[in-house]
Amino acid sequence: MPPVSPLHSAQLTSIRFGMELGLGAPTSPPPWRGHLLFRALVIFLCLWVTSSETNKQHAELPPRGWNSYDSFSWTVDENAYLQNAKVLAEKLLPHGYQYAVIDYLWYRRYVDGAYTDSYGFDNIDEWGRPFPDLQRFPSSKYDKGFSQIANKVHEMGLKFGIHLMEGISTQAVNANTPILDIETGKPYVENGRQWAARDIGLTHKTCAWMPHGFMSVNTDIGAGRAFLRSLYRQYADWGVDFVKVDCIFGTDYSPEEVITVSQLLRELDRPIVLSISPGTEVTVPLAENISEHVNMYRITGDDWDNWKDVSSHFTVSSAFSAANKIGAAGLRGKSWPDLDMLPFGWLTDPGVNQGPHRPCNLTFDEQKAQMTLWSMAKSPLMYGGDLRHLDNSTFGIITNPTLLKINYYSKNNMEFHYVYGETSSNTIHSGHLSSRYPVNLTKHDGMVVGLTSCTNGQANGWFVFPQDGKSDHICRIYETENGKNVSFCLKTSSCLEDQTKFHLAVADINDSCLDASASRRRTASEVKLPMFSRCKWHAKQMWELNDKGNLVSSYSRLCATVESSKEAVGITGARAWIATGSKGEIYLAFFNLDSVSRKITARISDLEKVLGTAFVRKHSCSCSEVWSGRNLGLLEEEISAAVNPHGCVVFELMC
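Residues numbered from 1 in each chain as written. Predicted model: local features only at pLDDT ≥ 70, side-chain atom pairs only at ≥ 80, totals over all residues. Heavy atoms only, no water.

**A short note on the overall build of the protein**
Filter applied, for reference: Here a strand is any run of E in DSSP of at least two residues, a helix any run of H or I of at least four, and the numbering for each starts at the N terminus. Relative accessible area decides the class of each residue, using a 1.4 Å probe on protein chains only: under 20% of the type maximum gives buried, over 50% gives exposed, and in between gives partly exposed. For this analysis, residues touch if any pair of their heavy atoms sits within 4.5 Å. Only the protein chains shown count as cover for residues, with accessible areas throughout obtained via the Shrake-Rupley method and a probe of 1.4 Å.
Across its full length, the protein holds 16 helices and 39 strands. For the protein, with 655 residues in total, the buried portion stands at 60%. Within the protein, residue pairs in contact and separated by at least 24 positions form 71% of the contacts whose partners lie at least 6 positions apart. With the model as given, the accessible surface of the protein reaches about 26800 Å², and the carbon-plus-sulfur share is 51%.

Below you can see the structure in the form of structure tokens.
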């Protein structure tokens, strides 16, 4: 069970303290209960307990909960949300699932013409801040907020969460709403002038997949920080425990805003978990300077219920594990690479205007494989299906006690490369794929362009290549797998307003320029970013070449890389992960990513090679299989299993 809230904990402490001193319950205070010294001592203890709750290790374990997106898209209402929260509290809270999160567009009116990127349907207050749609969330009419719902969620023993978009809404900028100064309760004034939304909105940095909805704010000025401060103080006042901020990471990279939001959350008395979501894949270098400021950060696009989406997570999760990012330092505690929600049970479709209407498309084996990878990689576990239709088999998958123990308490979590997979015709060592991690890609002549942090050495090497006496191409030399050097070039055309910025066009396709981010949300398996689209003078299509040989996006300030398109081939074959338990257990998971059955084998000597003699003390191991519960007895020399297509087995070993 999760700990009680700080306020409730403090109240209980004062009651216990009084009773231990023989003072009785608070309803029958002794004559000297009102003594100033006693009252001061009780107040001190209450404040101390509250402070210790607030300052304890934040997100010490990977967060778990339920999110409305997979089952309701953006159309969830108060009644459906509270019904799901009730089931969450009754059935999943005992298993650590404690966050009940309302996903995006809770402030949008659910009427004809409203959709993901529609304009003019959002509710904003006089300070430019969103408030809930009163038709869908009628209890918000009392305070134009979520306080009533948050109170009900807290009474269930749960934590309340909401989804947010980056920065400020386009509606607020166009209306030029004043900015609230939370210290005075009046419009923000600095340097003798009153500041408003148009002063802080970065119109060149609109959300790529919701350009009519939101844009980044200028956090370099006091007014920009004042707006965000008023926003997050309001959420704290509503009783929010968890915020998921979207369009701020990945190819929509806004590090200044991420860091500013993190700093503002540190100012609050109420601890709030910070989750950030990119809508695209993320490389390890991109997360290096961000993970310490958040508690969860998505490292893939949206994961939906198809095997291609699930299998795309194997390489990226391995990369973040190898970089020691699992459970690294984060906001007020730890941070966790997030593989996205578990789209099991009763669902809807991406980006639709309706609630759940269909069952999950993943097979039973595929769901077990996804749950296993998420647990072995210690990803946050956010269930996405409509909990009102939670069936027994799905419940069994997401509450498997050993998998949940691995997700919370295991250590040394990593991909295990020493496995062998056999089909009827061949034997394949799992090995390492040539790509170190998935990148956002777009095909061009056998090559692909991706984005990463400019500190990544792979971003270097771009240069101007003169052709026919004109310096109108940007190129990069690339070494292919067969050792040959080839050049990858894009034609440039300068921006007339700024000669240092230019388009990157495909030479043999008319009016087609390289975009730095997507015009719509992408799924985890869609490796087509950045993409070529119709040329237009927008920051997404503006690029700069610096003296370090970096090709820099004017939109996100990320840098371009080039790789062979062969490295983007779908992931198949045998994979394995390994982890250790607190009592000397070894957890070994085999995954079959192929569409035919495969025998997968690992040697005990290779376990010792990876984990050392602290865990492998002899060349035999007692073994049981987690999903089936079978006791396999004592194994010597090697461990083998026939694994179903897109399936997995999980061994618990003592060696």
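**Brief notes about the side chain of D303**
Where we set the bar: A positive count includes Lys and Arg, and a negative count includes Asp and Glu. His and the chain ends are not counted in either. Just to be clear on terms, a salt bridge is a Lys or Arg side-chain nitrogen sitting within 4 Å of an Asp or Glu carboxyl oxygen. Any pair of nitrogen or oxygen atoms within 3.5 Å is treated as a polar contact; in protein, a donor-acceptor pairing is required on top of that, and neighbouring residues in sequence qualify only through side-chain atoms on both sides.
Residue placement: D303 occurs in the loop between strand 13 (296–298) and helix 11 (307–311). Lacking a salt bridge, the buried D303 has R298 as its closest oppositely charged neighbour, with an N-O distance of 8.6 Å. Only 2.8 Å separates the side chain of D303 from the side chain of Q370, close enough to count as a polar contact.

**Overview of the pairing of strand 36 (residues 620–625)**
The condition is simple: At least two DSSP bridges between two strands are needed for those strands to be called paired.
Taken together, the five bridges between strand 36 and strand 37 (residues 631–636) define a ladder with antiparallel strand orientation. Considered in strand 37, the bridge of C623 is made with G633. Looking at chain direction, strand 36 and strand 39 (residues 648–654) are connected through four bridges and run antiparallel. Residue pairing for strand 39: C623 is matched across the bridge by L653.

**A short note on the pattern of salt bridges**
Across all of its chains, the model carries 22 salt bridges by this definition. Taking the shortest distance from any N to any O, the salt bridge between R603 and D606 comes out at 3.9 Å. For R603, a relative accessible area of 36% gives the class partly exposed. Within the structure, one salt-bridge network assembled from shared partners comprises R298, D302 and D340.

**Examining the packing of aromatic side chains**
Filter applied, for reference: Aromatic pairing here means that ring centres of Phe, Tyr or Trp (its six-membered ring) are within 6.5 Å. Orientation follows from the plane angle: under 30 degrees is stacked, over 60 is edge-to-face, and everything else is tilted. Both a distance and an angle decide whether a charge sits over a ring: NZ of Lys or CZ of Arg must be within 6 Å of the ring centre and within 35 degrees of the ring normal.
Using the criterion set out here, one finds 24 aromatic pairs in the structure. Each ring, one from F146 and one from F160, has its centre 5.5 Å from the other, and the planes form 65 degrees; the classification is edge-to-face. On the criterion of sequence distance, the pair formed by F146 in the loop between strand 2 (99–102) and helix 5 (147–155) and F160 in strand 3 (residues 159–165) is long-range, its members being 14 residues apart. Residue classification places F146 among the buried residues on the basis of a relative accessible area of 0%. The class for F160 is buried, based on a relative accessible area of 0%. In this structure an aromatic cluster arises from ring pairing among W66, F72, Y81, W106, Y107, F137, F146, F160, F214, Y232, Y235 and W238. A cation sits over an aromatic face here: K144 above F131, 5.0 Å from the ring centre. In this arrangement the basic side chain of K205 is found over the ring face of Y555, its NZ or CZ atom lying 5.0 Å from the centre.

**Some remarks on helix 5**
For clarity, the threshold we go by: As used here, the arc belongs to the directions running from the helix axis to the C-beta atoms.
Those residues of helix 5 lying buried are S147, I149, A150 and V153. End-on view of helix 5: buried residues confined to an arc of 160 degrees, all on one side of the axis. Against helix 4 (78–92), strand 3 and helix 8 (222–238) lie the buried residues of helix 5. Looking one or two residues beyond helix 5, the residue adopting positive phi is G157, at roughly 90 degrees.

**Considerations on the packing of helix 8 against helix 9 (residues 255–267)**
We apply this condition: Throughout, an axis means a line fitted to C-alpha atoms (over the contacting stretch in the case of helices), and angles, computed between N-to-C directions, take values from 0 to 180 degrees. Comment on the angle field: the value is read as roughly parallel under 35 degrees, roughly antiparallel over 145, roughly perpendicular from 65 to 115, and oblique elsewhere. By convention, the crossing between two helices is left-handed when the near helix turns anticlockwise from the far helix through less than a right angle, and right-handed when the turn is clockwise. Three categories are distinguished: nonpolar for Ala, Val, Leu, Ile, Met, Phe, Trp, Tyr, Cys and Pro, charged for Asp, Glu, Lys and Arg, and polar for the others, with Gly belonging to the last.
Contact geometry of helix 8 with helix 9 gives a least axis separation of 10 Å together with a crossing angle of 50 degrees. The orientation of helix 8 with respect to helix 9, classified from their angle, is oblique. Two packed elements cross with a definite hand, and for helix 8 against helix 9 that hand is right-handed. Residue-level contacts link R225, L228, R229 and Y232 of helix 8 to E257, T260, V261, L264, L265 and E267 of helix 9. Residue composition of the contact of helix 8 with helix 9, by class: five nonpolar, one polar and four charged.

**Digging into the state of the cysteines**
Our working definition: Note on terminology: pairs of cysteine sulfur atoms within 2.5 Å are recorded as disulfides.
If you walk through the whole model with that rule in mind, you get five disulfides. Between the sulfur atoms of C454 and its disulfide partner C559 the distance amounts to 2.0 Å. Negative torsions about the S-S bond denote left-handed disulfides, and the value of about 95 degrees found for C454 with C559 makes this one right-handed. Linking C454 in the loop between strand 23 (447–452) and strand 24 (462–467) with C559 in strand 32 (residues 559–564), this pair joins segments that are 105 residues apart in sequence. By relative accessible area, C454 is classed as partly exposed at 25%.

**Regarding the pairing of strand 35 (residues 598–603)**
When strand 20 (residues 419–422) meets strand 35, the two strands line up antiparallel, connected through four bridges. Considered in strand 35, the bridge of E422 is made with K599.

**A word on the packing of helix 4 against helix 5**
Packed helices, taken two at a time, are described by the angle between their axes plus the distance between the axes. Between helix 4 and helix 5, the shortest axis-to-axis distance is 10 Å and the interhelical angle comes to 15 degrees. Put simply, helix 4 runs roughly parallel to helix 5. Crossing angle aside, the handedness with which helix 4 passes helix 5 is right-handed. Across the interface between the two elements, E78, Y81 and L82 of helix 4 pack against I149, K152 and V153 of helix 5.

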